[in-house]
Amino acid sequence: MSWKPTPASADRLRAKLDDEFETVAKPQGLRRTSDTRSEQSATAPASQAGQWQRSSEQRSAGRGRRVAAGDDESPPDDGKQARKGPTLKMRAVGYLSRREHAREELARKLAAHAEDAAEVEAVLDVLEKEGWLSTERFAQSLVHRRASRQGAARIVQELRQHGVDDNQVAELRDQLRATEYDRALEVWKKRFDAKPADRAAYAKQARFLGSRGFAHDVIRRILGEDNED
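Residues numbered from 1 in each chain as written. Predicted model: local features only at pLDDT ≥ 70, side-chain atom pairs only at ≥ 80, totals over all residues. Heavy atoms only, no water.

Caption draft 1: Focus on helix α10 (residues 199-211). With 13 residues, α10 extends 18 Å between its outermost C-alpha atoms, agreeing within 8% with the 18 Å of an ideal straight helix rising 1.5 Å per residue. Among the residues making up α10, those that are buried are Y202, Q205, F208 and L209. In an axial view of α10, the angular spread of the buried residues amounts to 130°, which keeps them on one side of the axis. Turned more than 90 degrees from where α10 packs its buried face, R199, A200, K204 and R207 sit exposed. Close packing links the buried residues of α10 with α9 (180-191) and α11 (216-223). Regarding α10, its N-cap is D198, as a side-chain oxygen of that residue lies 3.3 Å from the backbone nitrogen of A200 further along. (Helix = DSSP H or I, 4+ residues; strand = E, 2+ residues; numbered from the N terminus. Expected span 1.5 Å × (residues − 1). Buried < 20%, exposed > 50% of the residue type's maximum accessible area, 1.4 Å probe, protein only. Arc of directions from axis to C-beta. Contact = heavy atoms within 4.5 Å. Polar contact = N/O pair within 3.5 Å; in protein donor to acceptor, adjacent residues only side chain to side chain.)

Caption draft 2: Structural context of the packing of aromatic side chains. In the structure shown here, the tally under the stated rule is 1 aromatic pair. Taking 5.6 Å as the distance between ring centres and 85° as the angle between the ring planes, the aromatic pair formed by F192 and F208 counts as edge-to-face. Of this pair, F192 sits in the loop between α9 and α10 while F208 sits in helix α10, and the two are 16 residues apart along the sequence. Classification of F208 as buried rests on a relative accessible area of 12%. Across from the ring centre of Y95, 5.0 Å away, lies the NZ or CZ of K109, which sits over that ring. The positively charged end of R221 is found above the aromatic ring belonging to Y181, 4.0 Å away from the centroid. (Phe/Tyr/Trp six-rings, centres within 6.5 Å; stacked < 30°, edge-to-face > 60°. Lys NZ or Arg CZ within 6 Å of the ring centre and 35° of its normal.)

Caption draft 3: Seen up close, helix α7 (residues 152-161). Of the positions making up α7, those classed as buried are A152, I155, V156, E158 and L159. All buried residues of α7 fall inside an arc of 160° around its axis, so they share one side. Residues of α7 that are exposed and angled more than 90 degrees away from the buried face: A153 and Q161. Elements that come into contact with the buried residues of α7 comprise α6 (135-146), α8 (166-178) and α9. Taken from the residues just after α7, G163 is the one with a positive phi, measuring 80°.

Caption draft 4: Quick look at a negative patch on the surface. On the surface, a cluster of negative charge is contributed by E136, D165, D166, E171 and D174. Considering each element in turn, the negative patch owes the most residues, 3 residues, to α8. Turning to its location among the elements, E171 is positioned in helix α8. Among the residues examined, E171 registers a relative accessible area of 48% and is labelled partly exposed. (Patch = residues over 30% accessible without salt bridge, like charges linked within 9 Å, V, L, I, M, F, W, Y side chains within 5 Å. Areas by Shrake-Rupley, 256 points an atom, 1.4 Å probe, with all protein chains shown as cover. Salt bridge = Lys/Arg side-chain N within 4 Å of Asp/Glu carboxyl O. Lys, Arg positive; Asp, Glu negative; His and termini not counted. Charge placed at Lys NZ, Arg CZ, Asp CG, Glu CD.)

Caption draft 5: Representation of the pattern of salt bridges. All chains considered together, the criterion is met by 9 salt bridges. A salt bridge links R137 to E100; its shortest N-O distance comes to 2.8 Å. In this pair, R137 is assigned in helix α6 and E100 in the loop between α3 (88-98) and α4 (103-111), connecting sequence segments 37 residues apart. Look at R137 and you get partly exposed, because its relative accessible area is 35%. For E180, the salt bridge is made with R183, and the minimal N-O distance between the two is 2.6 Å. Placement of both E180 and R183 in helix α9 is noted, with a separation of 3 residues, approximately one turn of the helix. On the accessibility criterion, E180 (1% relative accessible area) is buried. On the basis of relative accessibility, which here comes to 11%, the residue R183 falls in the buried class. The network of salt bridges with shared partners includes R103, E121, D125 and E128.

Next up, the structure:
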C-alpha cells in the first residue's frame, strides 16, 4: 500500500526544502557583489585622498631633511655669483707673458675683472714683489720698440701716458735726444732719401718727420738750412 502525502504535509515539505536551499545558497557573512562594489565606490575617494596627503607630507619631510643637511637642490642666494674664469693673477701673468706692462696699464686691464680697486692693487703688489711686473722694465722695452721709428717727443708722451715715473722719463729722454739725429736720418732715408726740391717738398718732409716726434732742430739739420721757413 503506497503512502500519499496529504496537501498539508506537502506544503510543509516544500517549505522545509526552500529553507534548506536558501541556507546553502546564501551562507552567513556572504554579501552580494553589487553591495560590495557600492561600498568600495563609496570609500575609494577617502582612501585615495589619504594616500595623496601622506605622499605630500613625505615629500615635504624629505625636502626639510635636505635643507637641514645643506643638500637642497636650489643654490643659496647670497646676492653674489661665483666668479668664473681665471683669477686676476692668472690674467695678469697672461698679459705679462706676451709683453711688458706698466703698473697703471695693467691695472686698467684688470679693473674690468675685479670687484674693487683694492683687489687689483693687492694683485699688482704681489706681481711686483715676485718680479713679474716692472714699470721700469716696461719703459726700457717701449723705448727699444719705438726708437727706430719715432722721435724723443712722441716716445716721452707715451711713457707719461702709461704712468712711468718722471725721473725715469727724464733719463730716457736724455738718452733718446743723444741719438735723435741718427735715428731721424734713417727714418727720412727710408721714406724720401732725396733733399726737397722746393718749399712744398720741404713742408711735406718736415711734416712727416715732425709727426714721428723728431725735434725741429734735427729736422732742419736733415733737410737743410736754406728752406728754414
